[in-house]
Amino acid sequence: MKIAIVTGASSGMGREFVKQISRLYTGLDEIWVIARRRERLTQLQEESMYPLRTLDGDITDPKFLEEFAYLLQATSPDVRMLVNAAGVGSNGTIADLAEINDRLQPEMVRLNCEALLEMTQKVLPYLSEKSRIINLASGAAFCPQPGFAVYAATKSFVLSFSRALGRELKKKKIYVTAVCSGPVATEFFASDTMKIVAWKKPFLADPNAVVRKALIDSGKRKKLSVYGGSMKLVRILTKILPIDFLVWIMGI
Ligand SMILES: NC(=O)c1ccc[n+]([C@@H]2O[C@H](COP(=O)([O-])OP(=O)(O)OC[C@H]3O[C@@H](n4cnc5c(N)ncnc54)[C@H](OP(=O)(O)O)[C@@H]3O)[C@@H](O)[C@H]2O)c1
């Protein structure tokens with residue numbers, strides 16, 4: 001059974017990945033869609049040509065991860081694509097966010113880093129030649145960001161992890177792409193602790209376009225998918241400017 005697996009499939013870019021994978025890829029038997037909101041996942045069936053297997057649950061929950069591992073073992077699928085899109089962000093200083101809720105930032109690390117690692121570990125034995133992994137990092141991965149510190153650090157983890165994993169899997173011809181976009185118009189900005197700053201609003205990208213580029217870049221076996229001219233410029237600047245200056249700029 002050939003499948004694709006998409007985490008964070010109930011909204012934003014994860015949802016868009018399911019729709020586009022269904023349109024662009026032939027030969028799959030199922031797409032496994034993962035998120036907590038079951039009804040959203042069920043509705044997604046209308047937008048997919050492939051049968052969707054709805055795995056509703058919290059990917060930070062060890063019980064969910066155990067059941068997921070069991071399902072993989074029981075069905076032994078050929079996973080052609082794994083998209084790790086589930087993720088959250090909160091902005092504010094580390095101290096301010098801790099005062100609002102001292103679990104907020106540790107839980108962000110748990111979801112954005114640990115759960116992404118655990119999902120990947122569990123799926124690895126079921127990936128075969130020419131399979132692909134797409135990890136949603138962020139342009140925030142390129143340098144530390146005061147006022148967005150923990151989120152940016154989690155995305156640096158995703159970027160570093162993706163690059164190293166890609167190298168480890170090269171011999172097996174399994175390709176890993178980290179998606180590093182700027183702000184994208186999704187429910188990511190709907191939470192009380194994640195507000196888009198005014199200067200970023202003109203740069204909000206369409207999730208449809210970011211995901212299209214990510215799938216094209218993954219097809220070309222690119223290690224990074226950077227959407228938009230402004231984010232490409234940011235990437236270059238973060239490579240050439242001194243780190244203290246960058247952190248100062250980001251903190252303004
Ligand atoms: N939007 C941006 O500006 C932007 C830019 C760069 C990178 N990114 C990254 O892109 C990825 C997708 O974000 P998005 O913009 O599409 O945001 P989104 O619309 O808020 O989607 C996040 C997804 O993650 C799922 N999720 C959250 N917590 C979960 C948990 N504990 N277990 C399982 N699923 C969980 C949510 O589903 P449920 O709530 O139903 O569980 C939802 O489907 C994230 O990793 C984000 O960090 C976003």
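Residues numbered from 1 in each chain as written. Predicted model: local features only at pLDDT ≥ 70, side-chain atom pairs only at ≥ 80, totals over all residues. Heavy atoms only, no water.

Per an unreviewed UniProt entry, the protein carries the name NADP-dependent 3-hydroxy acid dehydrogenase YdfG and comes from Mediterraneibacter butyricigenes. Quoted verbatim from the Sequence similarities (unreviewed entry) heading of the UniProt record, the comment on the protein is "Belongs to the short-chain dehydrogenases/reductases (SDR) family." (UniProt positions renumbered as here; feature names shortened; annotations may be inferred.)

### Points about the packing of aromatic side chains
Applying the stated rule across the entire model yields seven aromatic pairs. Judged by centre distance (6.4 Å) and plane angle (5°), the ring pair of Phe-64 and Phe-68 falls under stacked. Taken together, the positions of Phe-64 and Phe-68, both in helix H3 (residues 62-75) and four residues apart, correspond to about one turn of that helix. Geometrically, the ring pair formed by Phe-157 and Phe-161 is stacked, given 5.8 Å between the ring centres and 5° between the ring planes. In this pair, Phe-157 and Phe-161 are both assigned in helix H6 (residues 149-169), four residues apart and thus about one turn of the helix distant. Judged by relative accessible area, Phe-157 falls into the partly exposed class, the value being 32%. Three or more aromatic residues joined by ring pairs form one cluster here, namely Phe-148, Tyr-151, Phe-188 and Phe-189. (Phe/Tyr/Trp six-rings, centres within 6.5 Å; stacked < 30°, edge-to-face > 60°. Helix = DSSP H or I, 4+ residues; strand = E, 2+ residues; numbered from the N terminus. Buried < 20%, exposed > 50% of the residue type's maximum accessible area, 1.4 Å probe, protein only.)

### Describing the site of the ligand
The local shell around the ligand holds 29 residues, among which Ser-11, Arg-36, Tyr-151, Val-184 and Thr-186 are the closest. With respect to the ligand, the side chain of Asp-58 contributes an N or O atom lying 2.8 Å from a nitrogen atom. Separating an oxygen atom of the ligand from a backbone N or O atom of Glu-187 is a distance of 3.5 Å. Coverage of the ligand by the protein chains reaches 95% of its 880 Å² of free accessible surface. (Near = heavy atom within 4 Å. Polar contact = N/O pair within 3.5 Å; in protein donor to acceptor, adjacent residues only side chain to side chain. Areas by Shrake-Rupley, 256 points an atom, 1.4 Å probe, with all protein chains shown as cover.)

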